[in-house]
Amino acid sequence: MKRSLDEHAARFDEKAAEYDDTKSDEYRACASLVVDHAAPDRDDTVLDLGTGTGAIALPLAETAGRVIGRDISEGMLAEAREKAAERGLETVEFGEGRFRDPNVPDDADVDVVTTNFAMHHLSDAEKREAIDVIAGLEPRRIVLGDVMFFGEPDPSEPFYGPEVDDPATVGVLADAFTDAGYALTAVEPVHEQVGVLVAERVGDGERAPVGAEAEAGAAAESEPETESETETES
Ligand SMILES: C[S@@+](CC[C@H](N)C(=O)[O-])C[C@H]1O[C@@H](n2cnc3c(N)ncnc32)[C@H](O)[C@@H]1O
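Residues numbered from 1 in each chain as written. Predicted model: local features only at pLDDT ≥ 70, side-chain atom pairs only at ≥ 80, totals over all residues.

**Looking at the overall build of the protein**
The helix and strand inventory of the protein stands at eight helices and eight strands. When the 234 residues of the protein are sorted by exposure, 39% land in the buried category. Sequence-distant contacts, at least 24 apart, represent 69% of the contacts inside the protein between residues at least 6 apart. (Helix = DSSP H or I, 4+ residues; strand = E, 2+ residues; numbered from the N terminus. Buried ≥ 20, exposed ≤ 12 C-beta atoms within 10 Å, placed from the backbone. Contact = placed C-beta atoms within 7 Å.)

**Details of the site of the ligand**
The local shell around the ligand holds 21 residues, among which G50, G52, R98, N116 and A118 are the closest. Tallying contributions element by element places helix α1 (residues 5–15) first for the shell around the ligand, with four residues. Taken together, the residues that form the shell around the ligand break down as 12 nonpolar, seven polar and two charged. (Near = placed C-beta within 6 Å. Nonpolar A, V, L, I, M, F, W, Y, C, P; charged D, E, K, R; others polar.)

**Thoughts on unusual backbone geometry**
When glycine is set aside, most residues are seen to have a negative phi, and most peptide bonds are trans. Here F117, not a glycine, exhibits a phi torsion of approximately 55°, which is positive. Position of F117 relative to the elements: it lies in the loop between β4 (112–116) and α5 (124–136). Classification of F117 as buried rests on a count of 24 C-beta atoms within 10 Å. With phi around 60°, E138 is a residue other than glycine that occupies positive phi space. Within the secondary structure, E138 sits in the loop between α5 and β5 (141–149).

**What to know about the environment of L89**
The topology assignment puts L89 in the loop between α4 (74–86) and β3 (92–96). Measuring from C-alpha to C-alpha, the distance between L89 and A61 comes to 7.0 Å, with 28 residues separating the pair along the chain. Excluding anything up to four places from it in sequence, L89 contacts L58, A61 and A84.

**Description of helix α2 (residues 25–38)**
Counted at 1.5 Å a residue, the expected span for α2 with its 14 residues is 20 Å, and the 20 Å between its end C-alpha atoms agrees. Within α2, the full set of buried residues consists of Y27, C30, A31, V34, V35, H37 and A38. A39 occupies a position one or two residues after α2 and carries a positive phi of about 35°. (Expected span 1.5 Å × (residues − 1).)

**So, helix α6 (residues 170–179)**
L173, A176 and F177 are the residues of α6 that are buried. Buried residues of α6, seen end-on, are gathered within an arc of 95° and therefore sit on one face of the element. For α6, the elements touching its buried residues are α5, β5, β6 (168–169), β7 (182–191) and β8 (194–201). Directly beyond the C-terminal end of α6, a positive phi value near 95° is found at G181. (Arc of directions from axis to C-beta.)

**Points about the nonpolar core**
Counting residues in hydrophobic clusters, the biggest one holds 57 residues, and the most contacted among them are C30, V34, A57, L60, V67 and V196. In contact with V67, not counting residues within four places along its chain, are V46, D48, A57, L60, A61, T91 and V92. (Core = buried A, V, L, I, M, F, W, Y, C linked by C-beta atoms within 7 Å.)

**Description of the confidence of the model for the protein**
Confidence along the protein averages 89 in pLDDT terms, with 87% of residues attaining 70 or more. Note on residues 225–234: pLDDT is under 50 here. Beyond four places in sequence and across chains, it has one contact. (pLDDT = per-residue confidence, 0-100.)

**Let's talk about the pairing of β7**
The pairing of β7 with β8 spans eight bridges and is antiparallel. Residue P189 lies in a different strand from β8, and its bridge partner there is G195. Taken together, β7 and the strand that follows it, β8, pair antiparallel across an intervening segment of two residues. (Pairing = 2+ DSSP bridges.)

Written out as structure tokens, the structure is:
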């Protein structure tokens, strides 16, 4: 991360009041795809990380059972709460939470996780940690819209500032999801540097083995079976 969490929070506190007036077509397309792909059921709980002023959380609160919006900027959260009140939405709650410590209420069982234009503030290693934390909540679907590189990074593009942002390649993100037990089911390029990834939990409610666990499993599979191993297993 090129700035501390407090510095990012302060930057967004400052922009909060004007944030909604400064959006690009690509951002809007990305947000719309995230909402469409999240597609929560009536009784689903959605966790929206880096929720900002509620671009994703508020429309999802129209259809989901419960939406939990988390962010580090109190200024952005205040805007989101105001909009929820104006729209009379009672299924959405906004509060402090961060990618690697989302502060999910004890009584929440998260079905879908969304995040739009926020994860690129983390370094690649931190994104991987964040994806592992999200996977630990065992949602069936994760929808990530963000600045991401389908081709070569180009700092002259308007979607990120190299001094504060740290976007990943699509390959790095895809690997992180796969290693966390999720399979990519949709890849939606919006621009060469903006897109949406949809990841679904692998297996029928069971997490796929991750990291060292997966490597150990693969090594065991490739070893010739001995009599004693067969006996132990039976
Ligand atoms: C560009 S805004 C996007 C807001 C919203 N998701 C949207 O689509 O409009 C990025 C948001 O991510 C938040 N953010 C940055 N780093 C974060 C972190 N580590 N954990 C949670 N939120 C973070 C910022 O405070 C900001 O509100």
